[in-house]
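# Structural overview for review
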Amino acid sequence: MIFLNYKITEQKIKEILTKNKSTKILQNVVDVLYESFEKYNWVGIYLVKGDILVIGPWKGKQATEHTKIPIGNGVCGYAARSGKTEVVDDVSKDSRYLSCFLSTRSEIVVPIKKKNTVIGEIDIDSDVPAAFNKTDEKFLEKIADMLHQHI
Ligand code: SME
């Protein structure tokens, strides 16, 4: 049953992406991710502009103060530099972590790449400790791959 939700969400996102002309594609994808998984408490997309990550569409209870993050800083900047997914099971134990919300316990950052160059990333915060498992990782990497041609 749990796995069905990943499948259904993937299908919803595929449908959004076929409506190629919408300028709101990224926002719609963020909204679907946020609404599909209770443990996804803040979902955002950062976009690479030069050597800075700039906040794009997001959905959650609060806005983040980290609207611009230099590549290399925080978990987001680290993933942007390495091009690899970062999963943080306990944000209080990760010295790279830039705090946004007091309720956050774990985080996943998935780079969006075009020809091996990071052009953006999906950042998700959860109020649940160690919320992101291998299924989330693989699922979000697939979504990131589907998004690269829409950035
Ligand atoms: N926690 C991130 C910053 C972005 S907020 O979670 C929205 C980081 O450490 O880079």
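Residues numbered from 1 in each chain as written. Predicted model: local features only at pLDDT ≥ 70, side-chain atom pairs only at ≥ 80, totals over all residues. Heavy atoms only, no water.

### Regarding unusual backbone geometry
Not every positive phi belongs to a glycine, and lysine 115 is a case in point at roughly 45 degrees. Checked against the element boundaries, lysine 115 lands in the loop between β5 (106–114) and β6 (117–126). For lysine 115, a relative accessible area of 82% gives the class exposed. For alanine 130, which is not glycine, the phi dihedral falls at a positive 45 degrees. Mapped onto the elements, alanine 130 comes out in the loop between β6 and α4 (134–147). (Helix = DSSP H or I, 4+ residues; strand = E, 2+ residues; numbered from the N terminus. Buried < 20%, exposed > 50% of the residue type's maximum accessible area, 1.4 Å probe, protein only.)

### Observations regarding the site of the ligand
The ligand sits among 13 residues. The nearest are Val75, Cys76, Leu98, Cys100 and Glu107. Here an oxygen atom of the ligand sits 3.2 Å away from a polar atom, N or O, in the side chain of aspartate 125. Here the ligand, which alone exposes 310 Å², has 100% of that area covered by the protein. For the shell around the ligand, the secondary structure elements donating two or more residues are β1 (42–49), α3 (74–82) and β6. No other element matches the three residues that α3 contributes to the shell around the ligand. Split by residue class, the shell around the ligand holds eight nonpolar, two polar and three charged. (Near = heavy atom within 4 Å. Polar contact = N/O pair within 3.5 Å; in protein donor to acceptor, adjacent residues only side chain to side chain. Areas by Shrake-Rupley, 256 points an atom, 1.4 Å probe, with all protein chains shown as cover. Nonpolar A, V, L, I, M, F, W, Y, C, P; charged D, E, K, R; others polar.)

### Here's the deal with the packing of aromatic side chains
Taken as a whole and assessed by the stated rule, the structure comprises seven aromatic pairs. Note on tyrosine 6 and phenylalanine 139: the rings are 5.2 Å apart at their centroids and 75 degrees apart in plane angle, and the pair reads as edge-to-face. Placement of the pair is tyrosine 6 in helix α1 (residues 2–18) and phenylalanine 139 in helix α4, with a sequence separation of 133 residues. Side by side, tyrosine 6 and phenylalanine 139 carry an identical accessibility label, which is buried. Measuring from ring centre to ring centre gives 5.8 Å for tyrosine 40 and phenylalanine 132, while their planes differ by 40 degrees; the resulting arrangement is tilted. Here tyrosine 40 is found in the loop between α2 (25–36) and β1, whereas its partner phenylalanine 132 is found in the loop between β6 and α4, with 92 residues between them in sequence. A single burial state applies to tyrosine 40 and to phenylalanine 132, both of which are buried. What links up through ring pairs into an aromatic cluster is the set Tyr6, Phe37, Tyr40, Phe132 and Phe139. One residue, arginine 96, lies across the ring of tyrosine 78, its end atom 4.5 Å from the ring centre. (Phe/Tyr/Trp six-rings, centres within 6.5 Å; stacked < 30°, edge-to-face > 60°. Lys NZ or Arg CZ within 6 Å of the ring centre and 35° of its normal.)

### Describing the sheet that holds strand β4 (residues 86–88)
A sheet is described by the order of its strands in space; here six strands give the open sequence β3-β2-β1-β6-β5-β4, paired in antiparallel fashion. Edge positions in the sheet fall to β3 (68–70) and β4, since each of these pairs with one other strand and no more. Strand-to-strand, the axes of this sheet are offset by a mean angle of 20 degrees, without reference to chain direction. Alignment of β1 against β6, held across six bridges, turns out to be antiparallel. (Pairing = 2+ DSSP bridges. Axes fitted to C-alpha atoms, helices over the stretch in contact; angles between N-to-C directions.)

### Here we look at the packing of α2 against α4
It is the contact of α2 with α4, at a shortest axis distance of 12 Å, that shows an interaxial angle of 165 degrees. It follows from the interaxial angle that α2 and α4 lie roughly antiparallel. Where α2 crosses over α4, the two elements pack in a sense that is right-handed. Contacts between α2 and α4 involve Leu26, Val29 and Leu33 from the former and Phe139, Leu140, Ile143 and Leu147 from the latter. For the contact of α2 with α4, a count of residues per class yields seven nonpolar, no polar and no charged. (Parallel < 35°, antiparallel > 145°, perpendicular 65-115°, else oblique. Left-handed = near helix turned anticlockwise from the far one by under 90°. Contact = heavy atoms within 4.5 Å.)

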